[in-house]
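A structural walkthrough
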Amino acid sequence: MPLIPRLMMWSTHLIALVAPIVSAIEVTIPLTVPSDAASLAGDLVSLSIEQDRWTDWAGTTEPNTFFNNVLDNFIQITNTPPFVRIGANSEDHTDFSCDVEYEEDIFPPSSNITPYPEATNITVGQGFYTAISNLPNGTLVHWGVNFREYNLTAVYLETIALMNAFSSPAVIEKNIALRFIEVGNEADLYSHNKGRNSSWNVQEYVSEWEEIAYNVSVTANLSESSYTTLIGAAFAASSHNNLSGFSPQAIFNLGILDSPAGQLIDTISQHHYSGSFCTGGGAVLQDLMTKSYIRGNISAFSPDIEATSAMGLDYILGETNSMSCHGAPNVSNTAGAALWLLDYALYATQVGVSRLHFHEGIGYKYNLIQPVTLDYSILDGSPIAPLAPHIQPAYYAAIIIAEAIGSSGTTQAVEIPIDEDNVSGYAFFENGNLTKAVFINMEAYFSGADARDSTHIDFDFTDFGCTPTTMRVKTLEIGYASDTANLTWGGQTYETSDGRVSGPLTVDILPISSGIDLQETGAILVTFL
């Protein structure tokens, strides 16, 4: 792809494209990595996929080419495929049958709030699991089995099919591996969704989980030395340090890690959404994008992360996204939500979250990816002309994060202190040295607003090392925060029929002394040269 540096046209570019400057700040960035920097893996932004239509994502006899392409885009940048979790609500409505080839689903009626509802009953066969061979080489997988039914035979059959799939030659040849088995999805909600009675509590959960998970581990031949292990918790919410509720602290206190199955837990998974659209209502895009709101949503889990780390375990957001119940219309599917994801994921690393699985389902409003043709609006369920597979704005945020992390395998990051309500920044280091920075302006700019404002950012560097004198600047161009398409990243688009990037790459090569101008509803990646 041709690169068009804009070194020689910078003065003209300033006049034509940069918004009025309403504030100017100086940020201080260390040249060498601080001791408290977070380590970032290439699969920091990963996927959680609703299980009921799994074969629409993966394909059956042939791979879903569009889906594989948009996954491969990340591999091209980081050398790492996104980690894929398969399960969620429908994992607890799944049963295995030898008489089914792939899957047979029963769906409730669509509604204007939930145009594409989850299936209430999923019957799957061996082909459902072996479809995992259609994913890109090297994909790591986290798969859920049914705990809600509390049926040893059902979970035994699912586990056998799962292990058969991952021991098949097609899967082994592509180095696709089952990293985690998740026993049950959001069991803390079972008393609300009729999975258990109203007295269901964390003590009963631990007792029943230990029984079912032990049977899963024996069936799958798991041990403390096996590559495949068990996910812990996977709760919808957290009571944090209140040990009478559902939280990592509560299950640790009840001795889950001392049980035979609990000894196979090396990762705690928390589910989290930043708001809800389960009963409709008027979600506000600027609220989602607000810096303080993002930090409050993540930092609430600090006690859980600290308790998990104290046990020597990893902590992930195994299912997350903007608004629960598939997202809010004209909020979760917008360019503003892309900026939310960018800041949300990077800030999460600063409090100890090692990976985030953004939840996806066919036709869900908050998707990064729509992998199949849609015949009904994701906003209200009304009939539409067939809409081919495509990416949504949040996908750009995942690409930006992938580029910031790169492929070195040594990337670490720290938040850059910025005393601005809706401007945030992060510095990235490889092999201990400063390489890049990301800056985000989350002030929502809408059609009909006054002139678009911009924040000027100058750089100051600390610590020993070679101070950069030149930088490459790559910009996420967004028309309005409410846009649902027509974003560009470095002048290029991913909104193509095959999911591949298209168009000439455009970046600005600038002296460090010039600083950068960050407009409202925008993001910039700086590479220090």
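That block above? That's the structure.
Residues numbered from 1 in each chain as written. Predicted model: local features only at pLDDT ≥ 70, side-chain atom pairs only at ≥ 80, totals over all residues. Heavy atoms only, no water.

Description of the packing of helix α10 (residues 291-299) against helix α12 (residues 335-350)
Relative placement of two packed helices is described by the angle separating their axes and the distance separating the axes. Remark: α10 packs on α12, axes separated minimally by 10 Å, with the N-to-C direction vectors making an angle of 40°. Looking at the two axes, α10 sits oblique to α12. Considering only the axes of α10 and α12, their crossing is right-handed. Contacts between α10 and α12 involve Ile294, Arg295, Ile298 and Ser299 from the first element and Trp340, Asp343, Tyr344, Tyr347 and Ala348 from the second. (Axes fitted to C-alpha atoms, helices over the stretch in contact; angles between N-to-C directions. Helix = DSSP H or I, 4+ residues; strand = E, 2+ residues; numbered from the N terminus. Parallel < 35°, antiparallel > 145°, perpendicular 65-115°, else oblique. Left-handed = near helix turned anticlockwise from the far one by under 90°. Contact = heavy atoms within 4.5 Å.)

Concerning the packing of aromatic side chains
Counting across every chain of the model gives 27 aromatic pairs. Centroid distance Phe459 to Phe528: 5.9 Å. Interplanar angle 85°. Geometry classified as edge-to-face. Linking Phe459 in strand β22 (residues 454-462) with Phe528 in strand β27 (residues 522-528), this pair joins segments that are 69 residues apart in sequence. Accessibility assignment for this pair places Phe459 and Phe528 in one class, buried. Taken together, the ring pairs in this structure connect Phe147, Tyr190, Trp200, Tyr205, Phe235 and Phe246 into an aromatic cluster. When the ring centre of Tyr227 is taken as origin, the NZ or CZ atom of Arg179, which lies over that ring, is 5.4 Å away. (Phe/Tyr/Trp six-rings, centres within 6.5 Å; stacked < 30°, edge-to-face > 60°. Buried < 20%, exposed > 50% of the residue type's maximum accessible area, 1.4 Å probe, protein only. Lys NZ or Arg CZ within 6 Å of the ring centre and 35° of its normal.)

Quick word on the packing of helix α3 (residues 65-78) against helix α13 (residues 394-405)
The geometry of α3 relative to α13 is characterised by a closest axis approach of 9 Å and an angle of 20° between their N-to-C directions. In this view, α3 runs roughly parallel relative to α13, as classed from their interaxial angle. Note on packing geometry: the crossing formed by α3 with α13 is right-handed. The residues of α13 that touch α3, namely those facing Val70, Asn73, Phe74, Ile77 and Thr78, are Tyr395, Ala398, Ile399, Ala402 and Glu403. Grouping the amino acids of the contact of α3 with α13 by side-chain chemistry returns seven nonpolar, two polar and one charged. (Nonpolar A, V, L, I, M, F, W, Y, C, P; charged D, E, K, R; others polar.)

So, the sheet that holds strand β2 (residues 21-30)
The strand order across the open sheet formed by three strands is β2-β22-β26, and the pairing between neighbours is mixed. Looking at strand neighbours, the two that pair on one side only are β2 and β26 (516-519), the edges of this open sheet. Taken pair by pair, the neighbouring strands of this sheet meet at an average axis angle of 30°, ignoring direction. By the bridge criterion, four bridges tie β22 to β26 in an arrangement that is antiparallel. The residue of β26 that forms the bridge with Ile457 is Ile516. (Pairing = 2+ DSSP bridges.)

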